[in-house]
Amino acid sequence: MSKGEQLLCFYNFAINEGNKMEKILTAFCYTDIHNQQAMLDYPTTVRSSLVQAKDLAIAEFGLSDLAIVGGDNVSDYPHWNKSCALPKKNFLDLKAKMHACVAESVKDGKVLYVAGNNDMILGDIATEENEPYNTTDFYDVMDEAFGALPESEKIILKSDEKPDELYWGAFHYVVNGIDFIGINIDPNTAFNSHEGCYTEETLTWVKNKMNEIDPDGKKCIFVVGHLSAIYYFNNGHLCETMDRRCRDMFYDIFKGHQNAFYLYGHVHGEDSCYREHSSGAVLHLNEENKPLDQNLDSKDSTGKEYAYTLVHMGGLRPFGGQYFEKDGLEGYGGSKEKHYFPCTATPNLAQYLVFEVYSDRVVFHVRNTGTNPEYHRDDKLEAYTVYLA
């Protein structure tokens, strides 16, 4: 090889390595905010852990290219497991405040929303001021930020109980060249219930879309949904949390897409958080849909053979009363008596997720928002890197 050819090879190598070092996208993930009860009385109050997560994420990582809100944005007004009558003006007030907060953390306001099971029931019952309505409708703010989606890039569902309302079953955006597919719970399975699942129609659409955009099975794809799947709780217990009605088909959509990541919420709080390593939020599954291991203290995916990956986005509301600060916002919201969860708007234990995408890897960071000594906002959990196949 001549000296000139050697220099050319070195130059091409340097360019290639430089491209690997260049970050393509940074995303902030906020899920299970649970603005609820007295927080949803008019005028509404945004849960403080969301505000803290937004501020902390910006301070450490700068503005993101994308924010993801993983569902259960609202709940418990006053019930957690049956239809409620949240006045529409209250929802619109909260929606505007919450979106303004989250959008502050994104360079150009791109915020992707998926619906949680608790979100679905709050507009089921009419009030004196409004008919039943869709309390998962963030479609207008997504259209404004991303541009209106063509019909080929979303699937529309209808509610039997609210026939005038349209629901996005799934949708597809591309941000900085990276594909994001949002998937939502079917409104008919969630009506007057704490349950809810993805439909066969929706999952078929998602599977076909993944095959369309990734025919070779090597593209980095993020599927974002609220519902959790197989999961290790803090005590080491492995639990299947995906609804039986959609379980088999759900796992099937990822087969043949090794660089696919499913980002989810639903499980959250003191039994579903991480102390020292971000790796605990990342589960690699094999072809039999089983985790390789609990992945509690790993640095990266080197040497791991897997079919696809599940990633927990954290949660901004715990459960036990000891995990909340007294902030004066205590009321039952829409009721004069306690139904389930009369805690404040200020948790001292809450977590969110940040991830960074490069051409050859994705780096995940779990972060705290509160002042709980075991999960303090100053703690910097060790990052976990997934090297793309």
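Presented here is an overview of the structure given in this document. Remember, it's a predicted structure, so these values are computed and weren't measured experimentally. (Residues numbered from 1 in each chain as written. Predicted model: local features only at pLDDT ≥ 70, side-chain atom pairs only at ≥ 80, totals over all residues. Heavy atoms only, no water.)

1. Quick look at the nonpolar core
Link 1 in the chain: Core analysis: the largest hydrophobic core is formed by 110 residues, its most contacted members being F180, Y262 and F355.
Link 2 in the chain: Setting aside anything within four residues of it in sequence, one finds F355 in contact with L25, T26, A27, C29, I68, F180, F222, L263, V362, V363 and F364. (Core = buried A, V, L, I, M, F, W, Y, C linked by side-chain atoms within 4.5 Å. Buried < 20%, exposed > 50% of the residue type's maximum accessible area, 1.4 Å probe, protein only. Contact = heavy atoms within 4.5 Å.)

2. A few points about the sheet that holds strand β7 (residues 166-175)
Strand pairing in a sheet relies on backbone hydrogen bonds. The paired strands run either parallel or antiparallel.
Link 1 in the chain: Ordered by their spatial adjacency, 7 strands build an open sheet running β6-β7-β8-β9-β12-β14-β13, and the pairing between neighbours is mixed. In the strand order of this sheet, the two ends are held by β6 (154-158) and β13 (282-285), each with one partner. Within the sheet, the average angular offset between the axes of one strand and its neighbour, ignoring direction, is 20 degrees.
Link 2 in the chain: Judged from the 5 bridges that link them, strand β8 (residues 178-183) and strand β9 (residues 221-225) form a sheet pairing that is parallel. Paired with I181 across the strands is V223, a residue of β9. (Pairing = 2+ DSSP bridges. Helix = DSSP H or I, 4+ residues; strand = E, 2+ residues; numbered from the N terminus. Axes fitted to C-alpha atoms, helices over the stretch in contact; angles between N-to-C directions.)

3. Focus: the pairing of strand β14 (residues 308-312)
Link 1 in the chain: In terms of residue burial, β14 counts as a mostly covered element, since 5 of its 5 residues are buried.
Link 2 in the chain: Here β14 shows two buried faces, one formed by Y308, L310 and H312 and the other by T309 and V311.

4. Re the layout of surface pockets
A water-sized probe rolled over the atoms picks out the places where empty space is left.
Link 1 in the chain: Approximately 520 Å³ is the volume attributed to the largest pocket.
Link 2 in the chain: For the largest pocket, the lining is made up of 24 residues, of which N117, H194, H266, V267 and F319 are closest to its centre.
Link 3 in the chain: Of the residues in the lining of the largest pocket, the class split is 7 nonpolar, 9 polar and 8 charged.
Link 4 in the chain: Its boundaries defined by the atoms lining it, the second largest pocket holds a volume of some 220 Å³.
Link 5 in the chain: Lining the second largest pocket are Y232, F233, N234, C273, Y274, R275, E276, H277, G280, Q294, L296 and Y375.
Link 6 in the chain: Of the residues in the lining of the second largest pocket, the class split is 6 nonpolar, 4 polar and 2 charged. (1 Å grid on protein atoms, 1.4 Å probe; cavity = no way out; pocket = protein on both sides within 12 Å on 5 of 7 lines; lining within 4 Å. Points joined across faces, edges and corners; volume = space filled by probe spheres on them. Nonpolar A, V, L, I, M, F, W, Y, C, P; charged D, E, K, R; others polar.)

5. Quick look at the sheet that holds strand β19 (residues 384-387)
Link 1 in the chain: The strand order across the open sheet formed by 6 strands is β5-β3-β1-β15-β16-β19, and the pairing between neighbours is mixed. A strand with exactly one partner marks an edge of an open sheet, and here the two such strands are β5 (111-113) and β19. Taking each pair of neighbouring strands and ignoring which way they run, the sheet shows an average axis angle of 20 degrees.
Link 2 in the chain: As judged from the 3 bridges shared by strand β3 (residues 66-69) and β5, these two strands associate in the parallel manner. The residue bridging A67 from the neighbouring strand is V111, located in β5.

Without other data, these values stay purely geometric and don't point to any function.
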